[in-house]
Amino acid sequence: MGIKTIKDYVKFYTNLEMQSSVSFMSFINNEKMVLKHKLENKKIDKIAILNGIRILDELVAEIKISDEKTILEKYSQ
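Figured I'd write up the structure that's included with this text.

## Some points on the pattern of salt bridges
For step 1, the next point in the chain: Scanning the model with the defined rule gives three salt bridges in all.
For step 2, the next point in the chain: With a shortest N-O distance of 2.6 Å, D57 and K32 are connected by a salt bridge. Highlighted residues: D57 in helix α3 (residues 46-65) and K32 in helix α2 (residues 24-38), separated in sequence by 25 residues.
For step 3, the next point in the chain: Classification of D57 by relative accessible area gives partly exposed; the value is 37%.
For step 4, the next point in the chain: Among the residues examined, K32 registers a relative accessible area of 16% and is labelled buried.
For step 5, the next point in the chain: Residues E58 and R54 are paired through a salt bridge, measuring 2.3 Å at the closest nitrogen-oxygen approach.

Written out as structure tokens, the structure is:
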């Protein structure tokens, strides 16, 4: 898994150029669901997947305190 930081997730989301059709929170929730499904695969690096889920949980917590736009701006720099 190539995404190792919050900034990487923000960059991934913005590079997909879907901000007008998919909210950042929806994107995060979808990514968490995908990662949880990947955990069921026995041949995958579970540590990297768990780290990705942890990062997404951190993003959710920050968005609850602030808002999506603020978080996107903060980590897009």
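Right, picking up where we left off after that structure.
## A short note on unusual backbone geometry
For step 1, the next point in the chain: Phi angles above zero are rare outside glycine, and E17 is one such case at about 50°.
For step 2, the next point in the chain: With respect to the secondary-structure elements, E17 resides in the loop between α1 (6-15) and α2.

## As for the nonpolar core
For step 1, the next point in the chain: In this structure, Y9, F24, I28 and L59 are the most contacted members of the largest nonpolar core, which totals 19 residues.
For step 2, the next point in the chain: Breaking this core down by element, the ones donating at least two residues are α1, α2, α3 and α4 (68-76).
For step 3, the next point in the chain: Broken down by element, this core gets its largest block of residues, seven residues, from α3.

## Notes on the environment of I63
For step 1, the next point in the chain: Mapped onto the elements of the fold, I63 is located in helix α3.
For step 2, the next point in the chain: Among the residues examined, I63 registers a relative accessible area of 9% and is labelled buried.
For step 3, the next point in the chain: In the structure, I63 is positioned 40 residues away from S23 in sequence and 12 Å away in space, judged by C-alpha atoms.
For step 4, the next point in the chain: Aside from chain neighbours lying at most four places away, what touches I63 is F24, M25, I28, E68 and I71.

About the cut-offs
Residues numbered from 1 in each chain as written. Predicted model: local features only at pLDDT ≥ 70, side-chain atom pairs only at ≥ 80, totals over all residues. Heavy atoms only, no water. Salt bridge = Lys/Arg side-chain N within 4 Å of Asp/Glu carboxyl O. Helix = DSSP H or I, 4+ residues; strand = E, 2+ residues; numbered from the N terminus. Buried < 20%, exposed > 50% of the residue type's maximum accessible area, 1.4 Å probe, protein only. Core = buried A, V, L, I, M, F, W, Y, C linked by side-chain atoms within 4.5 Å. Contact = heavy atoms within 4.5 Å.

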